[in-house]
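Remarks on the overall topology
Here are the chains, one letter per residue:
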Amino acid sequence: MTAPRPAPEAVPVVRRRDEPDSVFWEPSERWVRATAGQVTVVDSREPVLVWEPGRPVPLYAFPAGDVRTDLLRRTERPAARRRHAGATVFYDLVLPDRTVPAAAWTYPGVDLAGHISFEWFGREVLDHWYEEDEEIFVHPRDPHKRVDALPSSRHVQVEIEGTVVADTHAPILLFETGLPARFYLPREDVRLDLFTRTDGRTRCPYKGVASEYWSWAGDADVRHDIAWSYPDPLPSVGIIKDRVAFYDESVDVLVDGVRRERPITFFSRPSR
């Protein structure tokens, strides 16, 4: 006789990565702080990184003593899209100027008892997050992933519908675990006159804020905001400063004369 499957709330919380349907956690030695306006909501030197099943990026959980629990108010379990593996206790975050519903929660089980986690990716819950004294964005950095930016002398060309829009022998190749290599090109080697500057802006936990975006000005049916640049990248990838990269998912890239197959990723979105 087959044993019944556990209820959705009964998700194991473990420190082993070989249990795919479990909440996996590991301690971090980073000093982590989070603020909302002038209020420091989290200040912890003993954070815990948490990976939920089906989520590719980690979250932080903090000892309750490192959290302004006086700003938390017990609330109802949120809609399914805001639920977290095994969590049954949720809190609103009550700030002087607003209340953020279901902003925090606790995980079940003994391992993370007394820890509180906060929403981050995709929701504006807290204004700023810091690891040590460096601001981080979107989600915590995964210590099991790498981002390497390397100078190269490869010949890189970028085409849109047969038009060469970039041609360089001095690219920076950025290798990020789980994503195709990106080519960051000297601005002088990119035909920016063929593009229109937009107000696009994105954030990355490994690279910083991409505050310059361009869209193709021609008639080709390609995605909006097809190229971007980091005017002030994080120090670990400072070498890509002011260089221009493209979504290889939507353009044709030739490296040393060989046309690369267009990758299929999260960024392979429909044309404009």
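Residues numbered from 1 in each chain as written. Predicted model: local features only at pLDDT ≥ 70, side-chain atom pairs only at ≥ 80, totals over all residues. Heavy atoms only, no water.

1. With respect to the pattern of salt bridges
Between side chains of opposite charge, pairing is possible as soon as their charged atoms come close. Counting across every chain of the model gives 17 salt bridges. A salt bridge links Glu131 to Arg141, with the nearest nitrogen and oxygen atoms 3.5 Å apart. Pair noted here: Glu131 is in strand 11 (residues 128-131) and Arg141 is in the loop between strand 12 (134-136) and strand 13 (147-151), with a separation of ten residues, a long-range link. Since its relative accessible area comes to 4%, Glu131 is described here as buried. The class for Arg141 is buried, based on a relative accessible area of 16%. The shortest N-O distance in the salt bridge between Glu249 and Arg182 comes to 2.9 Å. Linking Glu249 in the loop between strand 23 (244-246) and strand 24 (252-255) with Arg182 in strand 17 (residues 182-184), this pair joins segments that are 67 residues apart in sequence. The exposure class assigned to Glu249 is buried, which follows from its relative accessible area of 8%. If you follow the salt bridges from partner to partner, you end up with Arg30, Glu131, Glu134 and Arg141 in one network. (Salt bridge = Lys/Arg side-chain N within 4 Å of Asp/Glu carboxyl O. Helix = DSSP H or I, 4+ residues; strand = E, 2+ residues; numbered from the N terminus. Buried < 20%, exposed > 50% of the residue type's maximum accessible area, 1.4 Å probe, protein only.)

2. Considering the environment of Glu119
Within the secondary structure layout, Glu119 lies in the loop between strand 10 (115-118) and strand 11. A sequence separation of 16 residues divides Glu119 from Ala103, and the C-alpha atoms of the two residues are 5.5 Å apart.

3. Some words on the sheet that holds strand 24
The strands that make up a sheet pair up through hydrogen bonds in the backbone, lying either parallel or antiparallel. With antiparallel pairing, four strands are arranged side by side in an open sheet as 15-14-24-25. The two strands at the open ends of the sheet, each matched to only one other strand, are strand 15 (163-168) and strand 25 (258-259). (Pairing = 2+ DSSP bridges.)

4. Notes on the confidence of the model for the chain
Of all residues in the chain, 87% have pLDDT values of 70 or greater, and the mean over the chain is 87. Segment residues 1-9: pLDDT under 50, and five contacts once partners within four positions in sequence are set aside and those in other chains are kept. (pLDDT = per-residue confidence, 0-100. Contact = heavy atoms within 4.5 Å.)

5. What to know about the sheet that holds strand 17
On the basis of which strands lie adjacent, the open sheet formed by three strands has the order 13-16-17 and antiparallel pairing. Across the chains shown, the open sheet's two edge strands, defined by having one partner strand only, are strand 13 and strand 17. Across the sheet, the mean angle from the axis of one strand to that of its neighbour is 25 degrees, orientation sign disregarded. By the bridge criterion, five bridges tie strand 13 to strand 16 (residues 172-176) in an arrangement that is antiparallel. (Axes fitted to C-alpha atoms, helices over the stretch in contact; angles between N-to-C directions.)

6. Some words on the environment of Leu179
By the element assignment, Leu179 lies in the loop between strand 16 and strand 17. In this structure, the C-alpha to C-alpha distance between Leu179 and Pro263, residues 84 residues apart in sequence, is 8.9 Å.

7. Remarks on the side chain of Glu159
Inspection of the secondary structure assignment puts Glu159 in strand 14 (residues 156-160). On the basis of relative accessibility, which here comes to 14%, the residue Glu159 falls in the buried class. Residues within four places of Glu159 in sequence aside, it is in contact with Val164, Val165, Val251, Asp252, Leu254 and Arg259.

8. Remarks on the nonpolar core
With 39 residues, the main nonpolar core has Val41, Leu93, Phe118, Leu126 and Trp129 as its most contacted residues. With sequence-adjacent residues up to four places away left out, Leu126 is seen in contact with Ala34, Thr35, Ala36, Val41, Leu93 and Phe118. Listed in part, the 21 residues of the second largest apolar core include Val158, Ala220, Ile226 and Val253. (Core = buried A, V, L, I, M, F, W, Y, C linked by side-chain atoms within 4.5 Å.)

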